[in-house]
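Descriptive analysis of the structure
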Amino acid sequence: MPKHYRPPGKKKEGNAAKYITRTKAVHYLQVSLSTFRKLCILKGIFPREPKKKVEGNHKTYYHMKDILFLAHEPLLEKFRDIRAHKKKVKKALARKNRELADRLLNREPTYKLDRLILERYPTFVDALRDLDDCLTMVHLFAALPAVEGERIQVERIHNCRRLSHEWQAYISRTHSLRKTFISVKGIYYQAEVEGQKITWLTPHALQQVLTDDVDFNVMLTFSEFYVALLGFVNFKLYHSINVKYPPILDPRLEALAAELYALCRYISAGSGRLSGDPQAVTSIEDGQREVEKTGTRTEESELRLAQLQHQLPANEPGALMHLMENADDMDDDDHEKKECRNLFRNFKIFLSREVPRESLLFVIPAFGGVVSWEGDGSPFKESDEDITHQIVDRPTQGHVFLSREYVQPQWVYDCINARIILPTEKYLVGRVPPPHLSPFVDNEAEGYIPEYAETIKRLQAAAKKQVLPMPGVESQGLDDPQTLLVEGIIDRTEANEAAEKKRKLTMLEKQYHDELNMELQGITYSTSLSNKNLQSSVENVKEDTMTTLEESEDLSKVSMSRKKRKLYEAMKIGQERKKDKIKLLKERKKNAEASKTG
Amino acid sequence: MILKPRVSSYALTRARSRRERESCSGYRRTSMVAAAAAATAMGKSQRSSKNSDRLEQEIAENPAANEDVEEASGGDEESQPSDAASLSEDEGSQGSPVDSEEENGDVSDDEDHRSGEESDSSEEEVPSRNTIGDVPLEWYKDEEHIGYDVAGKKIKKQARKDRIESFLAGVDDAKNWRKIYDEYNDEEVELTKEEVKIIGRMLKGKTPHAGVDPYAPYVDWFVWDDKGHPLSNAPEPKRRFVPSKWEQKKVVQYVRAIRKGLIKFDKPKEEPRVYLLWGDDSSAAENKRDGLSYIPAPKPKLAGHEESYNPSVEYIPTQEEINSYQLMYEEDRPKFIPRRFESLRSVPAYEKALKENFDRCLDLYLCPRTRKKRINIDPESLKPKLPSRKDLRPYPRTCYLEYRGHTGPVKTISIDVSGQWMASGSSDGTVRVWEIETSRCLRVWNVGEAIKHISWNPLPELPVLAISAGHDVLILDTGLGNAEEQARIKELLHVEESKPEEDGSTPVVSWVQDDKYDCIRLKHLKAVTTVEWHRKGDYFTTVVPSGDSRAILIHQLSKKHTQNPFKKLHGLPVSAVFHPTRSIFFISTKKNIRVYDLLKQKLVKKLETGVREISSIAIHPGGDNVIVGSKDGKMCWFDMDLSSKSYKTLKTHPKDITNVAFHRSYPLFASCSDDCTAYVFHGMVYSDLNQNPLIVPLEILRGHTSSDGRGVLDCKFHPRQPWLFTAGADSIIKLYCH
């Protein structure tokens, strides 16, 4: 009897019963593959890896319970309805029954995803945990060209844009942005909301290319879900800061493509007064005054009225309570948040027109700065005397106000990552800025620290101690690596290097003492010879130890079980690779320096 | 006067009817009457239908005439003569009525007659005498006159004839049956012959006029032949033109539904509403995701320094490096090549943004997810905690002596039980005996064939060597030991001349005295590989791998006798060893090891090695543990009490293991291999059955050089000292001491 033989009456057991291949699942559910995909995406069902692949190695397996879960999904029935409806429309059109087709199109069956979202993310924190992909996609869709007749509906793109601005406005308002990084792919942001670190990527604000090697059906399904999810998340977040959610925006600002600013104003108007943040309020009011001057007064007041009315129900039940809450918030704010809020506190920053406005409008207020830009609707003009910094990204600056500094946009991002105000000399107009480093890399774990990271570290240390940095001197004054490590000025690798140095020193010292002894004993050797001897002996010893070490390694490998041995070897390979990488970096750096000097 | 014409007209009708009767007999009376009525109607059409009714009544009232007709129809032949007579009478009195008419001077009546006689079609021109029109005749019942003529003069009623009178008139006039009383005009009318004829035709159901042809040839005016039209010419059914009933009912239903408000038009499109989806998160039990455990997708890797728009110089690869990427295998090729931009404004849009996002989407819904334990440990911690090697001393560590002299690879070595002598066999065909401590070669025998295996007799008082070379096994006296011993050996190694077998079959092995070296030569049928002594030194076994059923042989030296107890072997035999203490025998084939009890003569155990090919086997002096070396560089340790599977498999050598050895007293064992190394292990076996043997690798012994792809060919421990001898393919034997 073959091993896999199952008698006719007997049910399947084990992996054969628990897992089902995709084709079989599709047949089981009696849907088309595309519908199945859509269902899987919306429900968050993914294939699983069975321990034993009964049907073959190259197949996708779903857990039977997942498939049953799908089979009981009301959405499945809805999809069938939609399909039937589409057929009806098609038939009507084919019969040139335009009237019927229009009537049918009017009452298209629709579905909602709220229940699905709650099912997938029972708690809000769950949703936040999975928000990375959602945000990245929404921001990407927001940057896509909103062209009529393209594969992507314009409405969807506008929706994405609105949602992304709402999200950014919240992050900016609550000062929960932590890290930023300009990469070639776009700008990475990392925020901390309810203890969850959320990282997302926004593409550069340029025309995106719609490529053909992408299945838009899949992406649209994903974006459909993400849009719904982000809508609910935004609602919850806005609710948490007592702002009515679907915000009413100033149509004039919206038209000027400054939705983010409009949103910020809206939120500040909603909760700013209560939160007792005088800085923000004054700045906003400043802005408003500016706007009011330019804009027609009546329109403005009407809008304000609408907004206020809108907010009344949200604020009414116990304004005092909110006051209390906000006060609590202030106390509870951890150190980091305070730091973030006060980074650009007394700064008034003006953006030139060539810098990425959306990103900076988001980032600078998130760290407590006041920002304006060149164009209509901006809170203050370029000629404002109080402006401390102007962000420019051009080879030369024509007219220069002496009261302000002209810096490149990278300065803002570097300051944010370093959490200190970096000196601006390196970032001045026309200069090549220092390398922009990723804040997501743990340099110590990586084993290689770029040069600029070290200088930043020193600056940070100096800022902490309120001492002016002296880069050259300080690095030499390494007396005890351990204490430095504790202080956090240097990191582990550096400490190791220092320890090595120390050991060498002690060895030299010992050698010196030996020589002294020998001299005392009256044995006269030429110092060079003795040195050589000693060195060779040292080397010998070293070699010996090396060989013994190697051997012991080999020997202990012999007695390992195969599984462990393989794991060990794999780990060793990984370590080796990492070492190689670092070596390559060091080599490149050496070459670059050599070419610079030579 | 008046009566005469009456009679004559009656006679006329009668004659006419007779002619009719000749042509058609068997008429019913009623039909006759009807026909007469019809005829009068036709004949005098200007008279109204009421007139004709009257006529009919008249006929009914005139039973005599009817009877007459009946008579005629009843018997044709009988009445003929009388008829003829009456006819003649008629002719005879013909002249008188005409006269009487003229006398009467009734012009109109005369005209009427004439026209009746001349043609039927001129009847309409006959004007009516009376002009009262269509009024009931009762109005004139009591009057003197019946009406007025054209001139407006009263027409006087004629005197009524009583019945007798009329009867008499009927009898007189043969034509009386043709006379009909016209009440309207108050006169009697005589039917003409043509009129009677017409009535007759009508009664027969024929057309009134004889000239009409009822079966005229049919002229087909419609064109029936096909015009060849492609579509159906079938006329549209009616239902196509008539509004449907059911449609109407449905419409009514809809109208009612609309009126009631069940159907609404122009429903406003519902906006996707957002609301507070997550309420209080405090109740943990409710907020659990049901279903299978959710495995969150791993987050995408965060960007490193090299992805920066402005990375530091060391992250940017040189042009040569970028070129070298092209030579790499596509999967190894770096996906992202760092670039440096001088300023933020010069950064272009990332062309792969959409593609990368799409890939992420695919990963999210297509990749099977499993929970993988991520091992974040120091690889060194994976190594087993072994006791320090220092504590396990003494063991052979360094090369102490070299025994040089052989000219070919030293295939095999064997140490004397006393630990003083060592014998070695080489493929140059020589056997040498060395003094161990001085490395002096004591004696050399040239066997002539490549030595396969060599083995000292385990008895100290019997310094005899068993040598396998080619097809032969030599039992060689080494010449060591005192004279008494020598004498005994001499005696032992003496074989009588082989006597022919009783049964006549060829012996498996022939014991022959070799005169050259003064030894016994056991001639086998095939090449012999190994020779192993029993612990008591009397028995020894030889393995002939290609010997089929005679592969394993056990010889007894004292009796010069050979047994072949293992007739059937499963697999190719590699070697055979005696148990060091008990009467147990190990046979290793290429895959397995079979353990036999020699006393009970049965299989005790089968050890499954799971290696590709066994090359060597060694038994622990305790007898419960076996190590097996294989040609894929693995060494398996078997605990006989534990299981038939190996307790531990050590993957030590990259090349074939040539030999394995146990030390007799120290807890040491060793393996040597073609990779020119020998491994020394600590292998402690505890008397406590609950404690597994402790195996610790101790030392890798190097020193031999490879020759012709072979490294160390044999290794043996010193019987008393922790020393290891290794025989290399470089024709050197080395001694490693502690």
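Treat the numbers as computed from the prediction; the structure is a model and nothing was measured. (Residues numbered from 1 in each chain as written. Chains lettered and ligands numbered in written order. Predicted model: local features only at pLDDT ≥ 70, side-chain atom pairs only at ≥ 80, totals over all residues.)

Bringing the overall build of chain A into the picture now. Scanning chain A from N- to C-terminus turns up 26 helices and nine strands. Taking all 598 residues of chain A together, the buried fraction comes to 31%. Partitioning the contacts of chain A with sequence separation of at least 6, the portion at a separation of at least 24 is 59%. (Helix = DSSP H or I, 4+ residues; strand = E, 2+ residues; numbered from the N terminus. Buried ≥ 20, exposed ≤ 12 C-beta atoms within 10 Å, placed from the backbone. Contact = placed C-beta atoms within 7 Å.)

So, about the overall build of chain B. Of regular secondary structure, chain B possesses 13 helices and 33 strands. Within the span of chain B, comprising 738 residues, buried residues form 35% of the whole. Sequence-distant contacts, at least 24 apart, represent 53% of the contacts inside chain B between residues at least 6 apart.

Taken residue by residue, the interface counts 86 residues in chain A and 61 residues in chain B. Among the elements that make up the side of chain A that touches chain B, the one with the highest residue count is helix H26 (residues 562-597) of chain A (nine residues). For the side of chain A that touches chain B, the per-class residue count stands at 45 nonpolar, 19 polar and 22 charged. (Nonpolar A, V, L, I, M, F, W, Y, C, P; charged D, E, K, R; others polar.)

Moving on: the sheet that holds strand E25 (residues 634-639) of chain B. Residues and elements named next belong to chain B. Within the open sheet, the four strands sit side by side as E23-E24-E25-E26. Their pairing is antiparallel. A single partner strand is all that each edge strand has here, and the edge strands are strand E23 (614-619) and strand E26 (648-651). Pairs of neighbouring strands in the sheet enclose a mean axial angle of 20 degrees, with direction left out of account. In this structure, E23 lies alongside strand E24 (residues 625-630), joined through five bridges in antiparallel fashion. Paired with Ile614 across the strands is Ser630, a residue of E24. (Pairing = 2+ DSSP bridges. Axes fitted to C-alpha atoms, helices over the stretch in contact; angles between N-to-C directions.)

With that settled, the discussion passes to the confidence of the model for chain B. Residue and element names in this part refer to chain B. When pLDDT is averaged along chain B, the result is 79, and 79% of the positions lie at 70 or above. In the predicted structure, residues 1-124 sits below a pLDDT of 50 and forms 165 contacts with residues beyond four places in sequence or in another chain. Scored as a whole, the predicted complex attains pTM 0.63, and scored at its interfaces, ipTM 0.80. (pLDDT = per-residue confidence, 0-100.)

For strand E6 (residues 410-415) of chain B, the buried fraction is high: six of the six residues fall into the buried class. The antiparallel pairing of E6 of chain B with strand E7 (residues 421-426) of chain B creates a hairpin that spans five residues between the two strands, and Gly419 of chain B there sits at a positive phi of about 80 degrees.

All names here are of chain B. The five strands are arranged E10-E11-E12-E14-E13 in an open sheet whose pairing can be described as antiparallel. Each of the sheet's edge strands pairs with one partner strand only, and the pair in question is strand E10 (451-456) and strand E13 (510-514). Across the sheet, the mean angle from the axis of one strand to that of its neighbour is 20 degrees, orientation sign disregarded.

Let's shift gears to helix H4 (residues 64-71) of chain A. Within H4 of chain A, the full set of buried residues consists of Asp66, Ile67 and Leu70 of chain A. Seen end-on, H4 of chain A carries its buried residues on one side only, within an arc spanning 95 degrees. (Arc of directions from axis to C-beta.)

The next subject is the nonpolar core. Val138, Tyr226, Leu229 and Leu230 of chain A are the most contacted members of the largest nonpolar core, which totals 107 residues. If one sorts the elements of this core by residue count, helix H11 (residues 216-240) of chain A sits on top with 13 residues. If near-sequence neighbours (up to four positions away) are discounted, Tyr226 of chain A is found in contact with Cys134, Met137 and Val138 of chain A. Judged by nonpolar contacts, the second largest core, of 99 residues, contains Phe662, Tyr666, Cys672 and Phe725 of chain B. (Core = buried A, V, L, I, M, F, W, Y, C linked by C-beta atoms within 7 Å.)

All names here are of chain A. Taken N-terminus to C-terminus, the directions of helix H2 (residues 22-29) and H4 make an angle of 30 degrees; their axes are 10 Å apart at the nearest point. With respect to H4, the element H2 is oriented roughly parallel. For H2 against H4, the interelement crossing comes out right-handed. Touching Ala25, Tyr28 and Leu29 of H2 are Ile67, Leu70 and Ala71, all from H4. (Parallel < 35°, antiparallel > 145°, perpendicular 65-115°, else oblique. Left-handed = near helix turned anticlockwise from the far one by under 90°.)

Let us look at the packing of helix H9 (residues 131-143) of chain A against H11 of chain A. Between two packed helices, what matters for the description is the angle formed by their axes and the separation of those axes. All names here are of chain A. Where H9 contacts H11, the axes come no closer than 9 Å and their chain directions differ by 110 degrees. It follows from the interaxial angle that H9 and H11 lie roughly perpendicular. On the side of H9, the interface is formed by Leu131, Cys134, Met137, Val138 and Phe141, while H11 contributes Phe222, Ser223, Tyr226, Val227, Leu229, Leu230 and Val233. When grouped by side-chain class, the residues that make up the contact of H9 with H11 number 11 nonpolar, one polar and no charged.

Another aspect to go through is the environment of Pro394 of chain B. All names here are of chain B. With respect to the helices and strands, Pro394 occurs in the loop between helix H12 (353-366) and strand E5 (398-404). In this structure the C-alpha to C-alpha distance between Pro394 and Gln721, which are 327 residues apart in sequence, comes to 9.2 Å. Apart from the residues within four sequence positions on either side, Pro394 is in contact with Pro722 and His738.

The omega angle of the peptide bond from Arg393 of chain B to Pro394 of chain B is 5 degrees, so this bond is cis rather than trans. Notably, His175 of chain A is not glycine yet its phi reads approximately 55 degrees, a positive angle. Residue placement: His175 of chain A occurs in the loop between helix H10 (154-174) and strand E3 (177-182). In this model, Lys560 of chain B sits at a positive phi of 55 degrees, which is unusual for a non-glycine residue. On the secondary structure map, Lys560 of chain B appears in the loop between strand E17 (552-556) and strand E18 (561-563).

Glancing now at the pairing of strand E28 (residues 668-673) of chain B. All names here are of chain B. Burial analysis of E28 places six of its six residues in the buried class, which makes it a mostly covered element. Burial of E28 is two-sided: the residues Leu668, Ala670 and Cys672 facing one way and the residues Phe669, Ser671 and Ser673 facing the other way are all buried. Relative to E28, strand E27 (residues 657-662) is paired through five bridges, and the arrangement is antiparallel. In the sheet register, Ala661 faces E28, and the bridge partner there is Ala670. Hairpin connection from E27 to E28: five residues lie between these consecutive antiparallel strands. Where E28 lies against strand E29 (residues 678-684), five bridges are found, and the strand directions are antiparallel. Residue pairing for E29: Ala670 is matched across the bridge by Val680. Counting the residues between successive antiparallel strands, the hairpin from E28 to E29 contains four residues, one of them, Cys676, with a positive phi of roughly 70 degrees.

Turning our attention to the confidence of the model for chain A. All names here are of chain A. Here chain A averages 79 in pLDDT, while 75% of its residues score no lower than 70. With pLDDT under 50 throughout, residues 272-298 is counted as low confidence; its partners more than four residues away or in other chains account for 28 contacts. Note on residues 467-490: pLDDT under 50 across the span, and 23 contacts to partners over four residues away in sequence or across chains.

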